[in-house]
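# Summary of the model geometry
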Amino acid sequence: MNRLEIREELLEPLLSETNSDFFTDAVMNLAIGHQYREFCRDTGAGPVAQFEETGDGTTRSWQLPAEIVDIRRVDYATTKDEIFFLPFEHFTLRFGDSWIANTATGQPDAYGVLGSHSAIFEPIPANLITFRLYGSIIPDLPGGDSSELLVDEGDAY
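An account of the accompanying structure is given in this report. What you are looking at is a predicted structure, and each value in this text was computed from that prediction instead of being measured. (Residues numbered from 1 in each chain as written. Predicted model: local features only at pLDDT ≥ 70, side-chain atom pairs only at ≥ 80, totals over all residues. Heavy atoms only, no water.)

A large share of strand β7 (residues 118-122) lies buried, amounting to five of its five residues. Burial along β7 is two-sided: Ser118, Ile120 and Glu122 and Ala119 and Phe121, pointing in opposite directions, are all buried. Pairing geometry for strand β2 (residues 61-63) and β7, over three bridges, is antiparallel. For glutamine 63, the partnering residue across the bridge sits in β7 and is serine 118. Judged from the five bridges that link them, strand β6 (residues 110-114) and β7 form a sheet pairing that is antiparallel. Pairing of leucine 114 across the sheet is with serine 118, part of β7. (Buried < 20%, exposed > 50% of the residue type's maximum accessible area, 1.4 Å probe, protein only. Helix = DSSP H or I, 4+ residues; strand = E, 2+ residues; numbered from the N terminus. Pairing = 2+ DSSP bridges.)

For the rest of this paragraph, the subject is the packing of aromatic side chains. Per the counting criterion, the structure on display carries nine aromatic pairs. Measuring from centroid to centroid gives 4.9 Å for phenylalanine 91 and tryptophan 99, while their planes differ by 55 degrees, and the two rings are tilted. Between the aromatic rings of tyrosine 111 and phenylalanine 121, the centroid separation amounts to 6.3 Å while the plane-to-plane angle is 40 degrees, which identifies the pairing as tilted. Remark: phenylalanine 121 occurs in strand β7 and tyrosine 111 occurs in strand β6; sequence separation between them is ten residues. The pair formed by tyrosine 111 and phenylalanine 121 is uniform in burial state, with each residue classed as buried. These aromatic residues form a ring-pair network of at least three members: Trp62, Phe85, Tyr111, Phe121 and Phe131. (Phe/Tyr/Trp six-rings, centres within 6.5 Å; stacked < 30°, edge-to-face > 60°.)

Further remarks concern the sheet that holds β7. Read across the sheet, seven strands follow the order β1-β9-β3-β4-β6-β7-β2 without closing on themselves; strand pairing throughout is mixed. What marks the edges here is a single partner per strand, and that holds for β1 (48-54) and β2. If you compare each strand with its neighbour and ignore which way they point, the axes differ by 35 degrees on average. The pairing of strand β3 (residues 68-76) with strand β9 (residues 130-137) spans seven bridges and is classified as antiparallel. Looking at the pairing, arginine 73 lines up with tyrosine 134 of β9. (Axes fitted to C-alpha atoms, helices over the stretch in contact; angles between N-to-C directions.)

This next bit is on unusual backbone geometry. With an omega of -10 degrees, the peptide bond running from glutamate 122 to proline 123 counts as cis. A positive phi angle, near 65 degrees, is found at lysine 80, a position not held by glycine. Inspection of the secondary structure puts lysine 80 in the loop between β3 and β4 (82-85).

Put into structure tokens, the structure is as follows:
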């Protein structure tokens with residue numbers, strides 16, 4: 001649906017009860033935009049995006065883009081081989097107590113998420129290894145009434 005269709009859908013029942021001048025397009029657009037972004041944040045059903053990062057042989061973790069809500073997949077940009085998700089709490093169980101001090105670089109076996117703003121890899125990604133993060137994002141507000149509101153169905157990968 002686009003914003004105009006949503007506004008018309010909302011106005012029909014409201015017009016039968018209240019003066020239509022109360023619900024201006026500007027007020028309704030603000031409400032629609034706010035609810036759209038809140039829905040995408042809460043459900044992870046926003047439009048999908050991909051972000052590329054390149055290993056440097058020394059960095060274990062990367063800041064995630066601010067607009068990303070949920071990481072759905074991480075792979076290598078060239079081969080598309082998937083890097084598996086591992087909950088951060090399980091890194092020590094899987095890689096041993098000294099994993100955090102491991103400076104060996106290579107092709108990561110797993111990634112985890114620290115809080116909501118960074119991804120961590122083991123081992124440290126080697127120089128020139130480029131990986132991609134795929135995930136849903138909080139969308140920009142619609143640019144106009146004909147702009148489609150994009151909601152992912154969750155099976156795009």
